[in-house]
Amino acid sequence: MARIECPECGHVEETTGLVTICPNCKADLRNVMAEMGHRRETLREVTGDDSMTTHEFIVRTKDLHKIYVMGEVEVPALKGVEVNIRRGEYLSIMGPSGSGKSTLFNMVGGLDKPTKGTCFIEEVDMAQLDAFELAWLRCRKIGYIFQTFNLIPVMTALENVTLPMIFAGMSSDEMMERGALLLDLVGLGDRLHHKPYELSGGQQQRVAVARSLANNPAIILADEPTGNLDLQTGKEIIDLLKELNEESGVTVISATHDLKMIDVSDRVIHIRDGQIERVENRADIDLEVGTLGV
Amino acid sequence: MIKGELAKRIYKSDTDWGQVQRQITLPWGQAARISYRNVTMRLGRAMITGAGIVLGIAFLTSVWTSKVAQEGITAYEARSATAISADETAIAPGAEEAKAEEQARAARQTWLVVMSLMVSAVGITNSMLMSVTERFREIGTMKCLGALDEFIVRLFLIESVVLGFIGSLVGALLGHGIMLLVYVAKQSGVAAMMDWGQMLVYILIALGIGIFLSLVAAVPPAMRAAQMPPAAALATEV
């Protein structure tokens, strides 16, 4: 039996289980639970049920530093980056190569650990997560799209899309149905059983988009999704991401130096030398693009 | 391109997941399916790895077959000798020497077997190391999709057991078959003189050694790869 005291109204709930909302004043009790050592359960509550995730910022980084050690030399890739990314936002991280945008992408996606500073996904500190929780997060909360597609070469399009669903413990039938549905959604309904090498670059990236949606993530992280595609195909992928963003409210975070991305982004963060150079909002960009005549 | 209705269906279908939503799994059945697919799709790589096992185990079984056949022949000759010279009490001259020579031969063979197994173990390790290294990116991708470290190890474990089993089965049959042919050519009726129970035990031991070797060769590099941060695994260029 544990005593949970509501920080808002002082209500005391005695329970053996989990209480994430104060029964008296409906205040959020997850932080209280977290402090009491319910870390894993809290994470699951936080990430498992969308109806409760009401945080304004889905991703938040605080004083994020990353230093790569190359032999004797220390190369700083990120120097204190602070970004707040809103739920449902379409955000582009722009910058020249080597500016640190891919590093930021890796930190936000939980693919690498920061040297200093913290990164929160739905207010959960990623540095505090163990291997299982991180895998859980990658599996269900984040969908990844890469420049090089990174499909599993020995698997068909459908198998690639259903792989994250296997990890999520979905039943076989449901998996096949959802996989086919997702591939249909990205316009590859007739290519279910093609291997990656039998598909064009654009089609492979579509499979990757479908795969990123496999477990209905809250965030799609795209690292240069159009980098290996020609102009037209790249535009199609961008449109696809934008449509997904608008239809389902999934947050899209995309590291890119593709100027086509600017058109669809709600916000653009410019990174240079591991620091945020400037942040542009949609309205400002429209103006700028207008003057450029793009 | 996306029909609103379709998108809605996709984003609705998670509501009935219920309890399932709280886990991360890779059932053995699915793991076996993926591993099998990996072996069959990368047959060239699998065959190179397998070849090391085949050769090592073939040599091992050929030596053991020769041993069993030789023992069979010796026992047969001993039986006929006692039948012929049943009433001769004196031990045949040179029996001591023959025994010493036999012992030296056995020691030489053991040495050869150990050496050849070590050489093939190095070969298998090298081949497995290569096959893990060229799949770093794939491993990283799987981890991005939510795979735990042990899923990766499990996949390679199944793969190396399958490769080890098939490789050593082929190797055992090959080594045994060839050596048996040699002995049949040398002395007809050798098959009847051999202790087949003993031979079977040797072949099973050879299978075990083959599987063990390929496991030992594959799992450490797979574990190392599985423990890499996904970003590092994804960044590797092969």
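Preceding block: the structure.
Residues numbered from 1 in each chain as written. Chains lettered and ligands numbered in written order. Predicted model: local features only at pLDDT ≥ 70, side-chain atom pairs only at ≥ 80, totals over all residues. Heavy atoms only, no water.

## What to know about the overall build of chain B
For chain B, the helix and strand inventory stands at 9 helices and 0 strands. Helices (α) and strands (β) of chain B occur, in sequence order from the N terminus, as α-α-α-α-α-α-α-α-α. Residues classed as buried in chain B amount to 43% of the 238 residues present. Counting only contacts in chain B whose residues sit at least 6 apart along the sequence, the fraction spanning at least 24 positions is 90%. (Helix = DSSP H or I, 4+ residues; strand = E, 2+ residues; numbered from the N terminus. Buried < 20%, exposed > 50% of the residue type's maximum accessible area, 1.4 Å probe, protein only. Contact = heavy atoms within 4.5 Å.)

## With respect to the pattern of salt bridges
Per the counting criterion, the structure on display carries 23 salt bridges over all chains. Residues D239 of chain A and K235 of chain A are paired through a salt bridge, measuring 3.1 Å at the closest nitrogen-oxygen approach. With a gap of 4 residues between them, D239 of chain A and K235 of chain A both fall in helix α8 (residues 231–248), about one helical turn apart. Judged by relative accessible area, D239 of chain A falls into the partly exposed class, the value being 30%. The partly exposed category is assigned to K235 of chain A, whose relative accessible area is 32%. The partner of R135 of chain B in a salt bridge is E159 of chain B, and the shortest N-O contact between them spans 3.0 Å. With a gap of 24 residues between them, R135 of chain B in the loop between α4 (95–133) and α5 (136–144) and E159 of chain B in helix α6 (residues 149–186) connect regions that are remote in the sequence. Counted as one network, the salt bridges with shared partners bring together R272, E277, R278 and E280 of chain A. (Salt bridge = Lys/Arg side-chain N within 4 Å of Asp/Glu carboxyl O.)

## Digging into the state of the cysteines
If you walk through the whole model with that rule in mind, you get 0 disulfides over all chains. The structure places no disulfide on C144 of chain B, whose sulfur is separated from the nearest cysteine sulfur, that of C139 of chain A, by 11 Å. On the basis of relative accessible area, C144 of chain B is assigned to the buried category, the value being 0%. (Disulfide = S-S within 2.5 Å.)

## Some details on the interface of chain B and chain A
Listed as interface residues are 43 residues of chain B and, on the opposing side, 53 residues of chain A. Buried area between chain B and chain A, both sides added, is near 4,400 Å², and the carbon and sulfur share of it is 62%. The partner of E159 of chain A in a salt bridge is R33 of chain B, with the nearest N and O atoms 3.3 Å apart. Broken down by secondary-structure element, the contributors of at least two residues to the side of chain B that touches chain A are α1 (4–12), α2 (28–41), α5 and α9 (230–235) of chain B. Its residues assigned to classes, the side of chain B that touches chain A comprises 23 nonpolar, 9 polar and 11 charged. (Buried area = accessible area lost by both parts, 1.4 Å probe. Nonpolar A, V, L, I, M, F, W, Y, C, P; charged D, E, K, R; others polar.)

## Description of the pairing of strand β9 (residues 142–145) of chain A
Residue and element names in this part refer to chain A. In β9, alternate side chains face the same way, and those of I142 and Y144 on one face and G143 and I145 on the other are all buried. Looking at chain direction, β9 and strand β10 (residues 219–223) are connected through 4 bridges and run parallel. Note on β10: the bridge partner recorded for Y144 is L221. (Pairing = 2+ DSSP bridges.)

## A closer look at the packing of α5 of chain B against helix α8 (residues 196–227) of chain B
How two helices sit against one another is set out by the angle between their axes and by the gap between those axes. Residues and elements named next belong to chain B. At a minimum axis separation of 9 Å, α5 and α8 run at an interaxial angle of 50 degrees. In terms of their interaxial angle, α5 and α8 are classed as oblique. The handedness of the crossing between α5 and α8 is right-handed. Listed contacts from α8 to F136, I139 and K143 of α5 are R224, A225, A226 and Q227. Residue composition of the contact of α5 with α8, by class: 4 nonpolar, 1 polar and 2 charged. (Axes fitted to C-alpha atoms, helices over the stretch in contact; angles between N-to-C directions. Parallel < 35°, antiparallel > 145°, perpendicular 65-115°, else oblique. Left-handed = near helix turned anticlockwise from the far one by under 90°.)

## Some details on α8 of chain B
Given a rise of 1.5 Å per residue, 32 residues ought to cover 46 Å, and the 46 Å separating the end C-alpha atoms of α8 of chain B matches this to within 8%. With a side-chain oxygen positioned 3.3 Å from the backbone nitrogen of G197 of chain B, the residue opening α8 of chain B is D195 of chain B. (Expected span 1.5 Å × (residues − 1). Polar contact = N/O pair within 3.5 Å; in protein donor to acceptor, adjacent residues only side chain to side chain.)

## Here we look at the sheet that holds β10 of chain A
All names here are of chain A. The 6 strands are arranged β9-β10-β11-β6-β12-β13 in an open sheet whose pairing can be described as mixed. Since the sheet does not close on itself, it has two edges, and those belong to β9 and β13 (275–281), each with one partner. Strand-to-strand twist in this sheet, taken as the mean axis angle between neighbours without regard to direction, amounts to 15 degrees. When strand β6 (residues 90–94) meets strand β12 (residues 267–272), the two strands line up parallel, connected through 4 bridges.

## Here we look at the layout of surface pockets
In this model, the largest pocket occupies a volume close to 610 Å³. Taken together, 26 residues form the lining of the largest pocket, with S102, N106 and D223 of chain A together with A231 and A235 of chain B sitting closest to its centre. It is helix α3 (residues 101–108) of chain A that provides the largest number of residues to the lining of the largest pocket, a total of 5 residues. Across the lining of the largest pocket, the residue classes break down as 10 nonpolar, 10 polar and 6 charged. (1 Å grid on protein atoms, 1.4 Å probe; cavity = no way out; pocket = protein on both sides within 12 Å on 5 of 7 lines; lining within 4 Å. Points joined across faces, edges and corners; volume = space filled by probe spheres on them.)

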